[in-house]
Amino acid sequence: MAQARTAPLAGIGGCLAVLVALAYPYLAVDGPVGAYYGSGLVNPLVAGLLAVLALIVFAAGRERRTEPDFAAGVTLAAGLFVALIVFLWAVTVRIDVVEISPLHRWITLAVSLTIPVAGAWYARSLRLF
């Protein structure tokens, strides 16, 4: 039963990591960050909105303010969409628009994968599959 409380906590951490990764260029770059995020196929800030949604649902499921089964399913689906959006952005973004490390996009992709992994762990801890 401890995993049913630890998994959403890991998901909350993953959501916060995605938000920090998406906010990093605004703090570190003097330039058109909007052009950087807008140059890819999909704007990754949409993934940021989904990460906020997943964060809220992880927290609600962990505190049993919503059904844990429902929370696990929503966070798994939202996490998959976050990872897909960040992946599509990462492979199509122009990194010459601003002076930022080319690793930023891959680090953002790596931390975005923590959300669906935590959602799957949460569902598994509830014995949904």
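All residue numbers refer to positions counted from 1 along the written sequence of the respective chain. Note on the predicted model: pLDDT of at least 70 is required for a residue's local features to be given, and 80 or more for side-chain atom pairs to be given and counted; whole-chain, interface and lining totals, by contrast, use all residues. Heavy atoms from the whole structure form the basis of all side-chain values; hydrogens and water molecules are not counted.

## A look at the packing of aromatic side chains
Right, on to step 1. Here is the rule: rings of Phe, Tyr and Trp (six-membered ring for Trp) pair when centre to centre is within 6.5 Å. Planes less than 30 degrees apart are stacked, more than 60 are edge-to-face, and the remainder are tilted. On inspection of all chains with the given rule, the structure shows 5 aromatic pairs.
Right, on to step 2. When the ring of Tyr36 is compared with that of Trp89, the centres are 5.6 Å apart and the planes differ by 80°; the resulting orientation is edge-to-face. Here Tyr36 is found in helix α2 (residues 33-38), whereas its partner Trp89 is found in helix α4 (residues 68-92), with 53 residues between them in sequence. Summarising the burial analysis for this pair, Tyr36 and Trp89 share the class buried.
Right, on to step 3. Here Phe58 and Tyr122 contribute two aromatic rings whose centre-to-centre distance is 6.4 Å and whose plane-to-plane angle is 40°, an arrangement assigned as tilted. Taken together, the residues Phe58 in helix α3 (residues 45-62) and Tyr122 in helix α6 (residues 114-125) connect sequence positions 64 residues apart. By definition, any uninterrupted DSSP run of H or I lasting at least four residues is a helix, any uninterrupted run of E lasting at least two residues is a strand, and each is numbered from the N terminus. Between buried and exposed lies partly exposed: a residue is buried under 20% and exposed over 50% of the maximum accessible area for its type, with that area taken using a 1.4 Å probe on protein chains only.

## Remarks on α3
An α-helical segment advances 3.6 residues per turn. Residues three or four places apart therefore align on the same side.
Right, on to step 1. For a helix, the expected span equals 1.5 Å multiplied by the residue count minus one. Helix length check: α3 (18 residues) gives 25 Å between terminal C-alpha atoms against 26 Å at 1.5 Å per residue, within 8%.
Right, on to step 2. Listed as buried for α3 are Ala47, Gly48, Ala51, Ala54, Val57, Phe58, Ala60, Gly61 and Arg62.
Right, on to step 3. Within two residues after α3, Arg64 carries a phi angle of roughly 60°, on the positive side.

## Some thoughts on the confidence of the model for the chain
Right, on to step 1. Residue-level confidence of the predictor is summarised by pLDDT, bounded by 0 at the bottom and 100 at the top. Averaged over all residues, the pLDDT of the chain is 95; the fraction at 70 or higher stands at 99%.
Right, on to step 2. Mean pLDDT across the secondary structure elements of the chain bottoms out at α2, with 93, and peaks at α3, with 98.

## Structural notes on the environment of Tyr36
Right, on to step 1. Residue classification places Tyr36 among the buried positions, given a relative accessible area of 1%.
Right, on to step 2. Taking the C-alpha atoms as reference, Tyr36 lies 30 Å from Phe58; in sequence the two are 22 residues apart.
Right, on to step 3. By definition, residues are in contact when any of their heavy atoms lie within 4.5 Å. Sequence-distant contacts of Tyr36, that is, excluding residues within four places in its chain, are made with Pro25, Trp89, Val93, Arg94, Val97, Val98, Ile100, His104 and Arg105.

## Points about unusual backbone geometry
Right, on to step 1. A positive phi angle is found at Arg64, which is not glycine, with a value near 60°.
Right, on to step 2. Residue position: Arg64 is located in the loop between α3 and α4.
Right, on to step 3. Of note, Arg127 is a non-glycine position whose phi angle comes to about 60°, a positive value.
Right, on to step 4. Accessibility expressed as a relative area gives 74% for Arg127, which makes it exposed.

## Overview of the packing of helix α1 (residues 3-28) against α6
Right, on to step 1. An axis is simply a line fitted to the C-alpha atoms; with a helix, the fit covers only the stretch in contact. Between two such axes, the angle follows the N-to-C directions and lies from 0 to 180 degrees. α6 packs onto α1 with a crossing angle of 170° between their chain directions and a minimal axis gap of 8 Å. Relative to α6, α1 is oriented roughly antiparallel. For the pair α1 and α6, contact is made by Gln3, Ala4, Thr6, Ala7, Pro8, Ala10, Gly11, Gly14, Cys15 and Val18 and by Thr114, Ile115, Ala118, Trp121, Tyr122 and Ser125, respectively.
Right, on to step 2. Put simply, Ala, Val, Leu, Ile, Met, Phe, Trp, Tyr, Cys and Pro go in the nonpolar bin, Asp, Glu, Lys and Arg in the charged bin, and everything else, Gly too, in the polar bin. Of the residues contributing to the contact of α1 with α6, the split by class is 10 nonpolar, 6 polar and no charged. By definition in this entry, angles of less than 35 degrees are roughly parallel, angles greater than 145 are roughly antiparallel, angles of 65 to 115 are roughly perpendicular, and the rest are oblique.

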